[in-house]
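Chain and residue survey
Read off the chains here:
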Amino acid sequence: MTDVAATQSSVGTTSVTSTTSATADAERLVSSDFETFLKMMTAQVQNQDPLNPMDSSEYASQLATFSSVEQQVLTNDLLRNLGDMLGGNALQQYGSWVGMDALARVPAEFTGNPIVIRPDYEPNADSAIVAVRNSAGEVVQRLSIPVGQEEVLWAGHDDQQNALPDDVYRFEIESYENGELTGTTLASVYTRVEEIRNQGTSVVVRLAGGIEVESTQVNGLRSAQS
(Lines give C-alpha, C1' and ligand atoms only; values in the text may rest on other atoms or scores of the structure.)
Protein backbone atom coordinates (compact mmCIF):
# COMPACT_ATOMS: atom_id res chain seq x y z
CA MET A 1 0.00 0.00 0.00
CA THR A 2 2.92 2.33 0.77
CA ASP A 3 4.32 1.85 -2.75
CA VAL A 4 0.90 2.65 -4.31
CA ALA A 5 0.48 5.79 -2.22
CA ALA A 6 4.01 6.91 -3.05
CA THR A 7 3.37 6.33 -6.76
CA GLN A 8 0.10 8.30 -6.68
CA SER A 9 1.84 11.15 -4.80
CA SER A 10 4.62 11.14 -7.39
CA VAL A 11 2.12 11.22 -10.25
CA GLY A 12 0.24 14.13 -8.66
CA THR A 13 3.45 16.08 -8.04
CA THR A 14 4.67 15.45 -11.59
CA SER A 15 1.32 16.65 -13.04
CA VAL A 16 1.38 19.89 -11.03
CA THR A 17 5.04 20.54 -11.85
CA SER A 18 4.40 19.89 -15.55
CA THR A 19 1.41 22.24 -15.54
CA THR A 20 3.33 25.01 -13.77
CA SER A 21 6.31 24.67 -16.13
CA ALA A 22 4.16 24.68 -19.27
CA THR A 23 2.22 27.73 -18.10
CA ALA A 24 5.45 29.57 -17.30
CA ASP A 25 6.81 28.75 -20.76
CA ALA A 26 3.66 30.10 -22.37
CA GLU A 27 3.87 33.30 -20.34
CA ARG A 28 7.53 33.80 -21.31
CA LEU A 29 6.63 33.26 -24.96
CA VAL A 30 3.81 35.80 -24.87
CA SER A 31 5.97 38.27 -22.95
CA SER A 32 8.72 37.94 -25.56
CA ASP A 33 6.24 38.46 -28.39
CA PHE A 34 4.78 41.49 -26.62
CA GLU A 35 8.23 43.09 -26.31
CA THR A 36 8.81 42.45 -30.00
CA PHE A 37 5.44 44.02 -30.76
CA LEU A 38 6.30 47.15 -28.74
CA LYS A 39 9.63 47.49 -30.54
CA MET A 40 7.83 47.26 -33.88
CA MET A 41 5.32 49.92 -32.78
CA THR A 42 8.15 52.20 -31.60
CA ALA A 43 9.91 51.84 -34.94
CA GLN A 44 6.63 52.48 -36.69
CA VAL A 45 6.13 55.74 -34.76
CA GLN A 46 9.72 56.90 -35.32
CA ASN A 47 9.56 56.29 -39.06
CA GLN A 48 6.08 57.54 -39.85
CA ASP A 49 5.54 60.50 -42.14
CA PRO A 50 5.20 63.61 -39.87
CA LEU A 51 2.96 65.21 -42.51
CA ASN A 52 0.68 62.17 -42.55
CA PRO A 53 0.91 60.57 -39.09
CA MET A 54 -0.83 57.26 -38.30
CA ASP A 55 -4.24 57.57 -36.69
CA SER A 56 -4.11 56.84 -32.95
CA SER A 57 -7.16 54.59 -33.30
CA GLU A 58 -5.06 52.28 -35.47
CA TYR A 59 -2.56 51.87 -32.61
CA ALA A 60 -5.40 51.07 -30.25
CA SER A 61 -6.72 48.48 -32.69
CA GLN A 62 -3.30 46.82 -32.95
CA LEU A 63 -2.97 46.70 -29.14
CA ALA A 64 -6.45 45.21 -28.77
CA THR A 65 -5.69 42.58 -31.40
CA PHE A 66 -2.46 41.55 -29.72
CA SER A 67 -4.12 41.45 -26.30
CA SER A 68 -6.78 39.11 -27.68
CA VAL A 69 -4.16 36.79 -29.19
CA GLU A 70 -2.19 36.87 -25.92
CA GLN A 71 -5.22 35.78 -23.89
CA GLN A 72 -6.11 33.04 -26.39
CA VAL A 73 -2.60 31.56 -26.24
CA LEU A 74 -2.67 31.42 -22.43
CA THR A 75 -6.19 30.00 -22.39
CA ASN A 76 -5.30 27.23 -24.85
CA ASP A 77 -2.26 26.25 -22.78
CA LEU A 78 -4.25 26.21 -19.55
CA LEU A 79 -6.99 24.07 -21.09
CA ARG A 80 -4.43 21.64 -22.49
CA ASN A 81 -2.72 21.29 -19.13
CA LEU A 82 -6.05 20.90 -17.38
CA GLY A 83 -6.90 18.06 -19.75
CA ASP A 84 -3.59 16.38 -18.96
CA MET A 85 -4.26 16.64 -15.24
CA LEU A 86 -7.75 15.18 -15.60
CA GLY A 87 -6.29 12.31 -17.63
CA GLY A 88 -3.84 11.58 -14.83
CA ASN A 89 -6.66 11.62 -12.29
CA ALA A 90 -8.64 9.19 -14.45
CA LEU A 91 -5.73 6.75 -14.42
CA GLN A 92 -5.57 6.95 -10.64
CA GLN A 93 -9.34 6.41 -10.44
CA TYR A 94 -9.34 3.34 -12.68
CA GLY A 95 -6.00 2.03 -11.47
CA SER A 96 -7.73 0.00 -8.74
CA TRP A 97 -9.33 -2.12 -11.49
CA VAL A 98 -6.02 -3.80 -12.30
CA GLY A 99 -6.10 -7.38 -11.04
CA MET A 100 -9.91 -7.46 -10.77
CA ASP A 101 -12.34 -9.36 -13.00
CA ALA A 102 -14.26 -7.05 -15.36
CA LEU A 103 -17.59 -7.91 -16.99
CA ALA A 104 -17.77 -6.97 -20.68
CA ARG A 105 -19.14 -8.25 -24.01
CA VAL A 106 -15.84 -9.57 -25.31
CA PRO A 107 -14.15 -12.90 -26.07
CA ALA A 108 -12.27 -14.47 -23.16
CA GLU A 109 -8.88 -16.12 -22.86
CA PHE A 110 -9.05 -19.74 -21.66
CA THR A 111 -5.93 -21.10 -19.98
CA GLY A 112 -7.46 -24.01 -18.06
CA ASN A 113 -9.53 -22.03 -15.55
CA PRO A 114 -13.35 -21.97 -15.90
CA ILE A 115 -14.91 -18.89 -17.50
CA VAL A 116 -18.00 -17.24 -16.04
CA ILE A 117 -20.55 -16.25 -18.71
CA ARG A 118 -23.52 -13.94 -18.15
CA PRO A 119 -26.01 -14.59 -20.97
CA ASP A 120 -28.72 -12.27 -22.30
CA TYR A 121 -31.90 -13.67 -23.81
CA GLU A 122 -34.31 -12.34 -26.40
CA PRO A 123 -37.82 -11.46 -25.16
CA ASN A 124 -40.25 -14.43 -25.21
CA ALA A 125 -37.41 -16.94 -25.66
CA ASP A 126 -38.32 -20.39 -24.29
CA SER A 127 -34.95 -22.08 -24.88
CA ALA A 128 -31.37 -21.03 -25.43
CA ILE A 129 -28.01 -22.38 -26.57
CA VAL A 130 -24.46 -21.20 -25.87
CA ALA A 131 -22.39 -21.48 -29.05
CA VAL A 132 -18.67 -21.53 -28.21
CA ARG A 133 -16.32 -20.33 -30.95
CA ASN A 134 -12.53 -20.52 -30.98
CA SER A 135 -10.21 -17.77 -32.25
CA ALA A 136 -10.62 -19.10 -35.81
CA GLY A 137 -14.40 -18.59 -35.58
CA GLU A 138 -15.18 -22.31 -35.53
CA VAL A 139 -17.98 -23.57 -33.28
CA VAL A 140 -16.33 -26.06 -30.93
CA GLN A 141 -19.30 -26.66 -28.64
CA ARG A 142 -23.03 -25.99 -28.27
CA LEU A 143 -24.61 -26.12 -24.82
CA SER A 144 -28.31 -25.95 -23.97
CA ILE A 145 -29.08 -23.67 -21.01
CA PRO A 146 -32.33 -22.79 -19.23
CA VAL A 147 -33.74 -19.38 -20.18
CA GLY A 148 -33.28 -17.02 -17.27
CA GLN A 149 -30.10 -18.58 -15.91
CA GLU A 150 -27.96 -15.65 -14.84
CA GLU A 151 -24.54 -17.28 -14.95
CA VAL A 152 -23.01 -20.18 -16.84
CA LEU A 153 -19.69 -21.69 -15.78
CA TRP A 154 -17.81 -22.96 -18.83
CA ALA A 155 -15.11 -25.44 -17.80
CA GLY A 156 -13.40 -25.72 -21.20
CA HIS A 157 -14.32 -29.33 -21.99
CA ASP A 158 -15.98 -30.69 -25.10
CA ASP A 159 -19.03 -33.01 -25.09
CA GLN A 160 -16.75 -36.00 -24.45
CA GLN A 161 -15.21 -34.19 -21.45
CA ASN A 162 -11.91 -33.71 -23.25
CA ALA A 163 -10.06 -30.51 -22.34
CA LEU A 164 -10.13 -27.93 -25.11
CA PRO A 165 -6.84 -26.18 -25.99
CA ASP A 166 -5.86 -22.80 -24.55
CA ASP A 167 -7.28 -20.14 -26.83
CA VAL A 168 -9.44 -17.02 -26.94
CA TYR A 169 -13.08 -18.11 -27.10
CA ARG A 170 -16.26 -16.14 -27.74
CA PHE A 171 -19.66 -17.13 -26.40
CA GLU A 172 -22.81 -16.44 -28.42
CA ILE A 173 -26.27 -16.83 -26.89
CA GLU A 174 -28.84 -18.17 -29.38
CA SER A 175 -32.41 -17.52 -28.25
CA TYR A 176 -35.27 -19.70 -29.55
CA GLU A 177 -39.05 -19.41 -29.43
CA ASN A 178 -41.06 -22.48 -30.41
CA GLY A 179 -37.95 -23.92 -32.02
CA GLU A 180 -37.29 -20.81 -34.12
CA LEU A 181 -34.11 -18.76 -33.69
CA THR A 182 -35.11 -15.24 -32.61
CA GLY A 183 -31.70 -13.69 -32.04
CA THR A 184 -28.00 -14.17 -31.32
CA THR A 185 -26.06 -11.97 -28.90
CA LEU A 186 -22.46 -11.91 -27.70
CA ALA A 187 -22.45 -12.94 -24.04
CA SER A 188 -20.73 -10.91 -21.35
CA VAL A 189 -17.83 -12.65 -19.58
CA TYR A 190 -15.66 -11.93 -16.58
CA THR A 191 -12.03 -11.34 -17.62
CA ARG A 192 -8.97 -10.26 -15.63
CA VAL A 193 -7.91 -6.61 -15.98
CA GLU A 194 -4.19 -6.34 -16.80
CA GLU A 195 -3.68 -2.66 -17.66
CA ILE A 196 -5.33 0.76 -17.64
CA ARG A 197 -4.10 3.56 -19.90
CA ASN A 198 -5.12 6.83 -21.51
CA GLN A 199 -5.76 6.84 -25.25
CA GLY A 200 -6.79 10.23 -26.51
CA THR A 201 -9.82 11.25 -24.47
CA SER A 202 -10.68 7.67 -23.49
CA VAL A 203 -9.48 5.31 -20.78
CA VAL A 204 -8.62 1.92 -22.30
CA VAL A 205 -8.87 -1.30 -20.30
CA ARG A 206 -6.59 -4.13 -21.39
CA LEU A 207 -7.93 -7.56 -20.46
CA ALA A 208 -6.30 -10.99 -20.31
CA GLY A 209 -5.56 -12.29 -23.79
CA GLY A 210 -4.76 -8.81 -25.13
CA ILE A 211 -8.41 -7.83 -25.52
CA GLU A 212 -8.98 -4.08 -25.15
CA VAL A 213 -12.18 -2.14 -24.42
CA GLU A 214 -13.00 1.39 -23.32
CA SER A 215 -13.82 1.81 -19.65
CA THR A 216 -17.42 2.67 -20.57
CA GLN A 217 -17.85 -0.87 -21.99
CA VAL A 218 -17.16 -2.48 -18.61
CA ASN A 219 -20.53 -3.38 -17.06
CA GLY A 220 -19.33 -4.84 -13.77
CA LEU A 221 -16.35 -5.57 -11.53
CA ARG A 222 -15.65 -8.15 -8.88
CA SER A 223 -12.69 -9.50 -6.92
CA ALA A 224 -10.51 -11.81 -8.96
CA GLN A 225 -11.56 -15.44 -8.80
CA SER A 226 -8.80 -18.03 -8.43
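Everything discussed here concerns the structure shown above.
Residues numbered from 1 in each chain as written. Predicted model: local features only at pLDDT ≥ 70, side-chain atom pairs only at ≥ 80, totals over all residues. Heavy atoms only, no water.

1. Let's talk about the pattern of salt bridges
Tallying each qualifying case throughout the model produces 9 salt bridges. Linking Asp120 and Arg105 is a salt bridge whose minimum nitrogen-to-oxygen distance equals 2.3 Å. You can see Asp120 sitting in the loop between strand 3 (115–118) and strand 4 (127–133) and its partner Arg105 sitting in the loop between strand 1 (101–104) and strand 2 (108–110), a full 15 residues away along the chain. Salt bridges here are not isolated pairs; linked through shared partners, they connect Glu195, Arg197, Arg206 and Glu212. (Salt bridge = Lys/Arg side-chain N within 4 Å of Asp/Glu carboxyl O. Helix = DSSP H or I, 4+ residues; strand = E, 2+ residues; numbered from the N terminus.)

2. Brief notes about the packing of aromatic side chains
Applying the stated rule across the entire model yields 5 aromatic pairs. Ring centres of Phe110 and Trp154 lie 5.2 Å apart, and the angle between their planes is 65°; this geometry places the pair in the edge-to-face category. In this pair, Phe110 sits in strand 2 while Trp154 sits in strand 6 (residues 152–154), placing the two residues 44 residues apart along the sequence. Measuring from ring centre to ring centre gives 6.2 Å for Phe110 and Tyr169, while their planes differ by 75°; the resulting arrangement is edge-to-face. A residue pair is termed long-range when its members are at least 10 positions apart, and Phe110 in strand 2 and Tyr169 in strand 7 (residues 167–177) qualify at 59 residues. By the ring-pair criterion, three or more aromatic residues cluster together here, those being Phe110, Trp154, Tyr169 and Phe171. Positioned above the aromatic ring of Tyr190 is the side chain of Arg222, whose terminal nitrogen or guanidinium carbon lies 4.0 Å from the ring centre. (Phe/Tyr/Trp six-rings, centres within 6.5 Å; stacked < 30°, edge-to-face > 60°. Lys NZ or Arg CZ within 6 Å of the ring centre and 35° of its normal.)

3. Thoughts on the nonpolar core
Ranked by internal contacts, the top residues of the largest apolar core, which has 29 residues, are Ile115, Ile117, Trp154, Phe171, Val205 and Leu207. Counting residues per element, the ones that place at least two in this core are strand 1, strand 2, strand 3, strand 4, strand 6, strand 7, strand 9 (188–199) and strand 10 (202–207). Beyond its immediate chain neighbours, meaning those up to four positions away, Phe171 contacts Ala108, Ile115, Ile117, Val130, Ala131, Val132, Trp154, Thr185, Leu186, Ala187 and Val189. (Core = buried A, V, L, I, M, F, W, Y, C linked by side-chain atoms within 4.5 Å. Buried < 20%, exposed > 50% of the residue type's maximum accessible area, 1.4 Å probe, protein only. Contact = heavy atoms within 4.5 Å.)

4. Some words on the environment of His157
With respect to the helices, strands and loops of the structure, His157 is situated in the loop between strand 6 and strand 7. Note on His157: relative accessible area 30%, which makes it partly exposed. Separated by 43 residues in the primary sequence, His157 and Pro114 place their C-alpha atoms 9.6 Å from one another. When near neighbours in sequence (up to four residues on either side) are disregarded, His157 contacts Gln141, Asn162, Ala163 and Leu164.

5. A word on the environment of Gly112
Within the secondary structure, Gly112 is located in the loop between strand 2 and strand 3. Separated by 51 residues in sequence, Gly112 and Ala163 have C-alpha atoms that sit 8.2 Å apart.

6. So, the pairing of strand 1
By the alternation rule, side chains of strand 1 split into Asp101 and Leu103 and Ala102 and Ala104, which are all buried. In terms of strand pairing, strand 1 meets strand 9 through 4 bridges, oriented antiparallel. In the sheet register, Leu103 faces strand 9, and the bridge partner there is Tyr190. Bridge count between strand 1 and strand 12 (residues 220–222): 3 bridges; the pairing is antiparallel. Looking at strand 12, one finds that Ala102 is bridged to Leu221. (Pairing = 2+ DSSP bridges.)

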